[in-house]
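If you want the building blocks of each chain, they are given just below.
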Amino acid sequence: MSSKVACKFHPDAPLIEDYRAGDQICSECGLVVGDRVIDVGSEWRTFSSESGGEDKSRVGGAENTLLGSSDLSTIIGPGTGGASFSADGKAMYNNRPTVSSSDRTLMNAFRTISNMSDRINLPRTIIDRANNLFKMVSDGKNLKGRANDAIAAACLYIACRQEGVPRTFKEIVAVSTISKKEIGRCFKLILKAHDTSVDLITTGDFMSRFCGTLSLSRDVQKAATSIAKKAVDLDIVPGRSPISVAAAAIYMASQASDDKRTQREIADIAGVADVTIRQSYKLMLPRAAELFPQDFKFTTPIENLPQN
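Since the model is a prediction, treat every value here as computed from it, not as a measurement.

J.: Whenever I open this one, the environment of F110 confuses me. Can you help?
T.: Mapping F110 onto the fold places it in helix 1 (residues 101–119). Ignoring anything within four residues of it in the chain, the contact list for F110 reads N64, L66, L67, N131 and F134.

J.: Could you clarify how one ought to interpret the layout of surface pockets in this entry?
T.: To locate leftover empty space, one rolls a probe as large as a water molecule over the atoms. Here the largest pocket defines a volume of roughly 300 Å³. The wall of the largest pocket is formed by 17 residues, among which T105, V137, S138, K141 and N148 lie closest to the centre. Of all the secondary structure elements, the ones that give two or more residues to the lining of the largest pocket are helix 1, helix 2 (124–140) and helix 3 (148–162). Element by element, the count of residues in the lining of the largest pocket is highest for helix 2, at five residues. The residue inventory of the lining of the largest pocket, partitioned by class, reads five nonpolar, six polar and six charged.

J.: What is the right way to look at the sheet that holds strand 3 (residues 32–35) in this model?
T.: Each strand in a sheet pairs with another by means of backbone hydrogen bonds, the pair being arranged parallel or else antiparallel. Pairing in this open sheet of three strands is antiparallel, and the strands run 1-2-3 from one edge to the other. Either end of the sheet is taken by a strand with one partner, and the two such strands are strand 1 (15–18) and strand 3. Within this sheet the neighbouring strands show an average axis-to-axis angle of 25 degrees, counted without direction. Sheet topology note: the strand 2 (residues 23–26)/strand 3 ladder contains three bridges and is antiparallel.

J.: What's the story with unusual backbone geometry in this structure? I'm lost.
T.: Excluding glycine, most residues fall at negative phi; most peptide bonds, likewise, are trans. The phi torsion at N121 lies on the positive side, around 55 degrees, for a residue other than glycine. For N121, the location among the structural elements is in the loop between helix 1 and helix 2. Classification of N121 as exposed rests on a relative accessible area of 67%. Backbone geometry places S215, a non-glycine residue, at a positive phi of 60 degrees. Residue position: S215 is located in the loop between helix 6 (204–213) and helix 7 (218–233). Assessed through its relative accessible area of 54%, S215 is described here as exposed.

J.: Teacher, can you tell me more about the pairing of strand 1 here?
T.: Each regular strand displays side chains that alternate between the two surfaces of the sheet. Bridge count between strand 1 and strand 2: four bridges; the pairing is antiparallel. By the bridge assignment for strand 2, D18 is matched with D23. Here strand 1 folds back onto strand 2 in antiparallel fashion, the turn holding four residues, of which G22 has a positive phi close to 75 degrees.

J.: Help me out: how do you make sense of helix 10 (residues 274–284) in this one?
T.: Every α-helix winds through 3.6 residues per turn, so residues three or four apart in the chain are directed the same way. Buried within helix 10 we find D274, I277, S280, Y281 and M284. One side of helix 10 holds all its buried residues, which, seen down the axis, span an arc of 135 degrees. Taken together, the buried residues of helix 10 touch helix 7, helix 8 (242–255), helix 9 (263–270) and helix 11 (288–291).

J.: Before we go on, may I ask you to explain the nonpolar core in this structure?
T.: Counting 38 residues, the largest nonpolar core has M207, I227, I250, M252, I277, M284 and F292 as its most contacted members. Among the elements of the structure, helix 6, helix 7, helix 8, helix 9, helix 10 and helix 11 are those that each provide at least two residues to this core. No other element matches the 10 residues that helix 8 contributes to this core. Judged by nonpolar contacts, the second largest core, of 35 residues, contains F110, A152, A159 and C186.

J.: It is not clear to me how the side chain of E182 should be interpreted in this structure. Could you clarify?
T.: With respect to the helices and strands, E182 occurs in helix 5 (residues 180–193). On the basis of relative accessibility, which here comes to 16%, the residue E182 falls in the buried class. A distance of 3.3 Å separates a polar atom in the side chain of E182 from a polar atom in the side chain of R146. Contacts of E182, omitting those with residues within four sequence positions, involve R146 and A150.

J.: Even after reading the chapter, I still don't get the confidence of the model for the protein chain, so can you show me in this structure?
T.: In low-pLDDT regions, the fine details of the predicted coordinates are not to be read closely. For the protein chain, per-residue confidence averages 82 on the pLDDT scale, and residues scoring 70 or more make up 80% of the total. No element of the protein chain has a lower mean pLDDT than strand 3, which averages 82, and none a higher one than helix 8, which averages 92.

Definitions and limits used
- Residues numbered from 1 in each chain as written.
- Predicted model: local features only at pLDDT ≥ 70, side-chain atom pairs only at ≥ 80, totals over all residues.
- Heavy atoms only, no water.
- Helix = DSSP H or I, 4+ residues; strand = E, 2+ residues; numbered from the N terminus.
- Contact = heavy atoms within 4.5 Å.
- 1 Å grid on protein atoms, 1.4 Å probe; cavity = no way out; pocket = protein on both sides within 12 Å on 5 of 7 lines; lining within 4 Å.
- Points joined across faces, edges and corners; volume = space filled by probe spheres on them.
- Nonpolar A, V, L, I, M, F, W, Y, C, P; charged D, E, K, R; others polar.
- Pairing = 2+ DSSP bridges.
- Axes fitted to C-alpha atoms, helices over the stretch in contact; angles between N-to-C directions.
- Buried < 20%, exposed > 50% of the residue type's maximum accessible area, 1.4 Å probe, protein only.
- Arc of directions from axis to C-beta.
- Core = buried A, V, L, I, M, F, W, Y, C linked by side-chain atoms within 4.5 Å.
- Polar contact = N/O pair within 3.5 Å; in protein donor to acceptor, adjacent residues only side chain to side chain.
- pLDDT = per-residue confidence, 0-100.

Right under this line is the structure:
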């Protein structure tokens, strides 16, 4: 037998719930068909400016499965009665440390990863992967003696690579307090100790982000992508990093269009030196005719491109 509440005159009519009065009202005739509606919302509103530091929440935050039981603890409030103190005036019930040292290390590392991710606008999926990776490293105990901040930064770098949105070492170093050398060491140790694999970075991984930051048109981005890919395929830039090749390709494509960018502007975005872009550009320039896509509309002919 169904216990559904409905209007006896309009059983199929939807009901309107008035939480202020606690009534259920028929939308057709206005008949009150139910009262004492339970409001499942909070019985108070808390504003940060008015809370005075007091948290009235009874449920706490969501459980973190990467931690032990440290996020499900009981806090004993301060006692006010005589039974709360011993004869010499000492408190009889104290809050003993409920968080283990390993969990405290994890919590600090997760906070560091979250802060770094917020500063370079990384999504939650990358944060979760980096947290899981740090937990794996912490449990393996293969990086003892290394700074936790360095391990956290290396985990974030690996997570970005694995999720297909790689960031350069310089970008990670910029939001970290650890040197590039130390992060690089931790990166190599994690890959070796935990058999973790990352795909090799390519010029295409950075092209759309660099061009977007430089506010370049879609045609220039398409041309730069083609230039960089063909330069690598034809082995024109042996030994050059994908980032420097991508930066040089952007410089070449922009100089051939009406949306020009200087080496200095591109170097600031790509995080490489001007001379690095210049060296890769000089290697690519003699074969520029092979690198540009067939349908590219030149504003500046290839023979008039800058020579350095």
